[in-house]
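These are the residues of each chain, in order.
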Amino acid sequence: MADHSELITTAELAEILTRPELRLFDCTTYLEPAPAGSNIPYVVVSGRQTFEAGHIPGANFLDLQAEFSDAHTDLRFMMPPRAQLEAAFGRHGISANSRVVLYSIGTAMWATRFWWMLRSLGFEGAAVLDGGIDKWIAEGRDIETGLAGGYPQAAFPARPKDGMFVDKHDVLAATTEADTVIVNALGPQFYKGLEPSRYGRPGRIPGSVSVPAASLIDQKAKTFVPLEEAEATFAAQGITRDKRIVAYCGGGISATIDLFQLHRLGFDNLTLYDGSMGEWAKDAELPIERG
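Let us look at the structure shown here.

Conventions we followed
- Residues numbered from 1 in each chain as written.
- Predicted model: local features only at pLDDT ≥ 70, side-chain atom pairs only at ≥ 80, totals over all residues.
- Heavy atoms only, no water.
- Helix = DSSP H or I, 4+ residues; strand = E, 2+ residues; numbered from the N terminus.
- Buried < 20%, exposed > 50% of the residue type's maximum accessible area, 1.4 Å probe, protein only.
- Disulfide = S-S within 2.5 Å.
- Axes fitted to C-alpha atoms, helices over the stretch in contact; angles between N-to-C directions.
- Left-handed = near helix turned anticlockwise from the far one by under 90°.
- Contact = heavy atoms within 4.5 Å.
- Nonpolar A, V, L, I, M, F, W, Y, C, P; charged D, E, K, R; others polar.
- Phe/Tyr/Trp six-rings, centres within 6.5 Å; stacked < 30°, edge-to-face > 60°.
- Lys NZ or Arg CZ within 6 Å of the ring centre and 35° of its normal.
- 1 Å grid on protein atoms, 1.4 Å probe; cavity = no way out; pocket = protein on both sides within 12 Å on 5 of 7 lines; lining within 4 Å.
- Points joined across faces, edges and corners; volume = space filled by probe spheres on them.
- Lys, Arg positive; Asp, Glu negative; His and termini not counted.
- Salt bridge = Lys/Arg side-chain N within 4 Å of Asp/Glu carboxyl O.
- Core = buried A, V, L, I, M, F, W, Y, C linked by side-chain atoms within 4.5 Å.

## Structural notes on unusual backbone geometry
Positive phi is not limited to glycine here, since Phe77 has a value of about 65 degrees. On the secondary structure map, Phe77 appears in the loop between α3 (64-68) and α4 (82-91). Its identity as a non-glycine residue notwithstanding, Lys222 has a phi of 70 degrees, on the positive side. With respect to the helices and strands, the residue Lys222 is situated in the loop between β10 (209-210) and α9 (227-235). The exposure class of Lys222 is partly exposed, given its relative accessible area of 26%.

Here is the structure:
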């Protein structure tokens, strides 16, 4: 990690577990089916219980919806005010000098979401654990149970970067911009609108291309696919470094896997549509494409 890479292997993490500047976090959240007749897409369940059942030694837990999302909207996981984030990250011991490692269970998207959030606040010292705790356990490494120990409180100075999040108005304008590619990170059946959508109208933002987040992950090993494979996947959809990239999904989570890989490939004009289909599909005034 001497080069402050955004991706860290399990072996590299094992070597630095006792370093005082390390801040290691399980970021897992679960999405459970919404009750019949409900107008919400899913029920958000904290991963705290599975964290307590087993986590990487020394890790603490970050609750995305409860601590790090805007509570004043029906949309889940929306970025909250800067002051809320400064207080929450500081409460978890993250300072300007911290080395943060993020992981989640089953999928990297909760970890990459926190990586994107931290990066948008000007924090460059965060990495995602390749393969997450799944790979850590598969390798027979130590696991700890019980409550989080807690890191000493710190001052987290946010320095927000412009343009890393956009709203529906920006995205609508982007649908007619030749120098912008809008990227849908959901699976092909949802991109094409072939199956009912829990978000509302099935389909996609007009003109958007399909790069499913799942295609950027080795589904067996849970690790990120090699960068040359990821680059070929993006290039096949016309995604090149001279374009502005707007990524979206259902709730602004899995799209951060696409953004993470694009960033690692050296793309620098990247943004996330935070509301994603959770907002777009319900707004009848916004156009939608199928097929």
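Still more to cover.
## So, the state of the cysteines
Counting across every chain of the model gives zero disulfides. We note that Cys27 lacks a disulfide partner, and the nearest cysteine sulfur, in Cys249, lies 16 Å from it. Accessibility expressed as a relative area gives 2% for Cys249, which makes it buried.

## Re the packing of helix α5 (residues 109-120) against helix α10 (residues 255-264)
Interhelical geometry of α5 versus α10 gives an angle of 60 degrees and a closest axis separation of 8 Å. By crossing handedness, the relation of α5 to α10 is classed as left-handed. On α10, the residues that touch Met109, Thr112, Arg113, Trp115, Trp116 and Arg119 of α5 are Thr256, Ile257, Leu259, Phe260 and His263. A breakdown of the residues in the contact of α5 with α10 according to their chemical character gives six nonpolar, three polar and two charged.

## Quick word on the packing of aromatic side chains
Counting across every chain of the model gives 14 aromatic pairs. Taken together, a centroid distance of 5.1 Å and an interplanar angle of 85 degrees make the contact between Phe68 and Phe114 edge-to-face. Highlighted residues: Phe68 in helix α3 and Phe114 in helix α5, separated in sequence by 46 residues. Comparing Phe68 with Phe114 shows no difference in burial state: the two are buried. Aromatic side chains Phe77 and Trp110 sit 5.4 Å apart centroid to centroid with 65 degrees between the ring planes, which places their arrangement in the edge-to-face category. Separated by 33 residues along the polypeptide, Phe77 in the loop between α3 and α4 and Trp110 in helix α5 bring together distant segments of the chain. You can call Phe77 buried: its relative accessible area is 0%. Grouped by ring-pair contacts, the aromatic residues Phe68, Phe89, Phe114, Phe123 and Phe156 constitute a single cluster. Taking NZ or CZ as reference, Arg141 lies 5.4 Å from the ring centre of Trp136, over its face. The ring of Tyr191 has Arg204 sitting right over it, with the charged end atom 4.4 Å from the ring centre.

## Examining the layout of surface pockets
Taken as a whole, the largest pocket encloses approximately 700 Å³ of empty space. Along its surface, the largest pocket is lined by 44 residues, and Met109, Ala185, Leu186, Arg198 and Ser254 are the ones closest to its centre. Those elements that place two or more of their residues in the lining of the largest pocket are β3 (29-33), α5, β7 (126-129) and α6 (132-138). Residue composition of the lining of the largest pocket, grouped by class: 26 nonpolar, 14 polar and four charged.

## Points about the side chain of Asp258
Note on placement: Asp258 falls in helix α10. Buried charge Asp258 goes without a salt bridge, the closest partner of opposite sign being Arg264 at 12 Å.

## Digging into the nonpolar core
Judged by nonpolar contacts, the single largest core of 87 residues is most densely connected at Leu13, Leu24, Phe68, Phe89, Leu102, Phe114 and Ile239. With eight residues, α5 is the largest single contributor of residues to this core. The residues touching Leu13, leaving out its near neighbours within four places in the chain, are Ile8, Leu22, Leu24, Ile56, Val101, Leu129 and Trp136.

Any link to function would need more than the numbers given here.
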